[in-house]
Amino acid sequence: MSANSPAAVVVLAAGGGTRMKSNRLPKVLHEVCGRSLVGHAVAAAEELTPGQLVVVIGHMREKVAEHLAAHHPGARAVVQAEQNGTGHAVRTALETLAADGIELDGTVIVTTGDAPLLTGGTLRALAGAHAEQGNGVTVLTAVVPEPFGYGRILRDEADGAVAAIVEEKDASDAQRAIDEINSGVFAFDAKLLVGALAEVTTDNAQGEEYLTDTLEILRRAGHRVGAVVAADYRDILGINDRVQLAHARRLLNDRLLERAMRAGVTVVDPATTWFDVQVSYEPDAVVLPNTQLQGTTHLGEGSEVGPNSTLKDTRIGAGARVSNTTADGAEVGELATAGPYAYLRPGARLARKAKVGTYVEVKNSELGEGAKVPHLSYIGDATIGEGTNVGAASVTVNYDGVNKHRTVIGAHCRTGSDNMFIAPVTIGDGAYTAAGSVITNDVPAGGLGVSRAQQRNIAGWVERKRPGTTSAQAAAAAAEPAAEVPTEG
């Protein structure tokens, strides 16, 4: 916590979100660009390094608490057992801290758990203005093209300070025409907030404790109520249904793509390209159309991914090329290639200049520098040495029905097409295996592994066993002697 950090940030995330029409997931756990709604709120709050970071939870509290513990362990979950309004939620948070002997002194930021576009920068501007102006409370507001559903800001005509916030259901027709709205985000003086919350009543249309009532309480007590207008009204957009969720996802994705492009990444078709918030990149990376980069995926300098690729938690090395590929938890080394139509599963690691080609699946396996698996193969639980070429339609048979076993193919090997490597098995450096072989025993370095029956041909089998078929007719025609061509003279 720095000298300029708030004493606390309280994130309100207890609501049920009935308009999401979700029986399995609370509203605040729905995702936008790889992070939950409440995760976005916590991430923005963390940028301020507050003394206390509290998330008030209620609806489906067990799921939300588990999510916070797994992804945001620095946030403290406080349960609002009954959802009696935003004022009650903040009071619950402060009383919980006080019960633990934590008395807040300084600024308390209150924000919402369903506004994924709100940034740490906007919160920092709010906290800064609050301190500079010496306000009792400062409201983050926005001027919006469609204010329906939001609380309206009522300003004092004399000095422009905030006189009150009136909720949509309690507003008059004239008040509903106001286009400056309450974001639900505030900066309070901690001690003043505690006193004001004690005076909040439930005398309103909803019968709830409104946090917004504290503004009028503080104003009556002689404390200034200030406001900071968000530079971009979209920062404060809340999510109440899946239409708004999709709209926020598009807005945030556009921001992420713009940031990447300004950092030197070429995004050929932003309309069909999707980034998660933790995606990272280096200059001169190229992203082709219809590509999704998820989780902690990283693009190295000069790499190219796409088209039609989905990469999750995958590292792409400098100059690597990945086309029409699905990858999860994989590493593609410098100047390596994957695809088209490759599947790189967790633990797939391609070294420099390695190649995984068309219709190849790789799982928990390493390919050495310059190693190639070009076609139609499954490589699972294997180590393939540098410079080795694996023939088409090969399989490392790694599972015996109970346990997984490993295949080791050495450096500069040449394995034939249609090979089955029955693990555990080792192919020595420089060895060959013959096409069509089932390799069950180790092959020594420089040796040739062959495991197949000797071919024999049965003449006339088709005409005897498949008479009347087109195959039999073709065979009979091929057996007829060629017609003699008459000569002159």
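Residues numbered from 1 in each chain as written. Predicted model: local features only at pLDDT ≥ 70, side-chain atom pairs only at ≥ 80, totals over all residues. Heavy atoms only, no water.

1. Focus: the overall build of the protein
A tally of helices and strands in the protein yields 10 helices and 41 strands. Here the C-alpha radius of gyration of the protein, 33 Å, is well above what a compact globule of 489 residues would show, namely 23 Å. Along the three orthogonal principal directions, the C-alpha set of the protein runs to about 125 × 55 × 40 Å. Of the contacts formed within the protein by residues at least 6 apart in sequence, a portion of 40% connects residues at least 24 apart. A total accessible area of about 23300 Å² is found for the protein, and carbon and sulfur atoms account for 49% of it. (Helix = DSSP H or I, 4+ residues; strand = E, 2+ residues; numbered from the N terminus. Rg over C-alpha atoms; globule rule 2.2 N^0.38 Å. Contact = heavy atoms within 4.5 Å. Areas by Shrake-Rupley, 256 points an atom, 1.4 Å probe, with all protein chains shown as cover.)

2. Observations regarding the sheet that holds strand 29 (residues 366-367)
Where strands meet in a sheet, backbone hydrogen bonds hold them as pairs that are either parallel or antiparallel. With parallel pairing, the 9 strands of this open sheet are ordered in space as 14-17-20-23-26-29-32-35-38. The open sheet has two edge strands, strand 14 (280-281) and strand 38 (425-427), and neither has a second partner. Where strand 26 (residues 349-350) lies against strand 29, 2 bridges are found, and the strand directions are parallel. Residue Leu350 lies in a different strand from strand 29, and its bridge partner there is Leu367. (Pairing = 2+ DSSP bridges.)

3. Looking at the packing of helix 3 (residues 86-99) against helix 6 (residues 190-197)
Between helix 3 and helix 6, whose axes approach to 10 Å, the crossing angle comes to 125 degrees. Put simply, helix 3 runs oblique to helix 6. Helix 6 is crossed by helix 3, and the crossing has left-handed handedness. Two secondary-structure elements touch here, helix 3 through Gly87, Val90, Arg91 and Leu94 and helix 6 through Leu193, Val194 and Leu197. Looking at the contact of helix 3 with helix 6 residue by residue, the class counts come to 5 nonpolar, 1 polar and 1 charged. (Axes fitted to C-alpha atoms, helices over the stretch in contact; angles between N-to-C directions. Parallel < 35°, antiparallel > 145°, perpendicular 65-115°, else oblique. Left-handed = near helix turned anticlockwise from the far one by under 90°. Nonpolar A, V, L, I, M, F, W, Y, C, P; charged D, E, K, R; others polar.)

4. Overview of the packing of aromatic side chains
By the definition in use, this model includes 3 aromatic pairs. For the ring pair Phe186 and Phe188, a centre distance of 5.7 Å and an interplane angle of 40 degrees mean the geometry is tilted. There is no split in this pair, since Phe186 and Phe188 are both buried. Judged by centre distance (5.4 Å) and plane angle (15 degrees), the rings of Tyr341 and Tyr359 are stacked. You can see Tyr341 sitting in the loop between strand 24 (337-338) and strand 25 (342-344) and its partner Tyr359 sitting in the loop between strand 27 (355-358) and strand 28 (361-363), a full 18 residues away along the chain. (Phe/Tyr/Trp six-rings, centres within 6.5 Å; stacked < 30°, edge-to-face > 60°. Buried < 20%, exposed > 50% of the residue type's maximum accessible area, 1.4 Å probe, protein only.)

5. Here's the deal with helix 8 (residues 242-262)
With 21 residues, helix 8 extends 30 Å between its outermost C-alpha atoms, agreeing within 8% with the 30 Å of an ideal straight helix rising 1.5 Å per residue. The complete set of buried residues in helix 8 reads Leu245, Ala248, Leu251, Leu252, Asn253, Leu256, Leu257 and Ala260. Buried residues belonging to helix 8 abut strand 2 (31-32), helix 1 (37-46), strand 12 (266-267), strand 13 (273-275) and strand 14. Measuring from the side-chain oxygen of the N-cap residue of helix 8 to the backbone nitrogen of Val243 gives 3.1 Å; that N-cap residue is Asp241. Directly beyond the C-terminal end of helix 8, a positive phi value near 105 degrees is found at Gly264. (Expected span 1.5 Å × (residues − 1). Polar contact = N/O pair within 3.5 Å; in protein donor to acceptor, adjacent residues only side chain to side chain.)

6. What about helix 2 (residues 61-71)?
Those residues of helix 2 not exposed but buried are Val64, His67 and Leu68. For helix 2, the angular spread of the buried residues around the axis is 95 degrees, confining them to a single face. Seen from the buried face of helix 2, the exposed residues on the opposite side, beyond 90 degrees, are Glu62, Glu66, Ala69 and Ala70. The secondary structure elements touched by the buried residues of helix 2 are strand 3 (35-36), helix 1, strand 4 (52-57) and strand 5 (76-79). (Arc of directions from axis to C-beta.)

7. A look at the packing of helix 6 against helix 7 (residues 213-220)
Axis separation between helix 6 and helix 7 bottoms out at 9 Å; the angle between their running directions is 105 degrees. On the basis of the axis angle, helix 6 is roughly perpendicular to helix 7. Across from Leu192, Ala196 and Leu197 in helix 6, the residues of helix 7 making contact are Thr214, Ile217 and Leu218. Split by residue class, the contact of helix 6 with helix 7 holds 5 nonpolar, 1 polar and no charged.

8. Some thoughts on the nonpolar core
Counting 56 residues, the largest nonpolar core has Phe275 and Leu344 as its most contacted members. For this core, the secondary-structure elements that each account for two or more residues are helix 8, strand 25, strand 32 (382-384) and strand 38. Ignoring any residue separated from it by four or fewer positions in sequence, one finds Phe275 in contact with Cys33, Asn253, Leu256, Leu257, Ala260, Tyr281, Val287 and Leu293. Among the nonpolar cores identified, the runner-up in size contains 34 residues, and Ala14, Ala93, Ala190 and Leu193 belong to it. (Core = buried A, V, L, I, M, F, W, Y, C linked by side-chain atoms within 4.5 Å.)

9. Section: the pairing of strand 10 (residues 180-189)
A regular strand carries its side chains on alternate faces of the sheet. With 9 of its 10 residues buried, strand 10 lies for the most part within the structure. As paired strands, strand 6 (residues 107-112) and strand 10 are joined by 4 bridges and run antiparallel to one another. In the strand pairing of strand 10, Thr107 is matched with Asp189. With 7 bridges connecting them, strand 7 (residues 137-143) and strand 10 associate as antiparallel partners. Opposite Leu140, over in strand 10, you have Val185 as the bridge partner.

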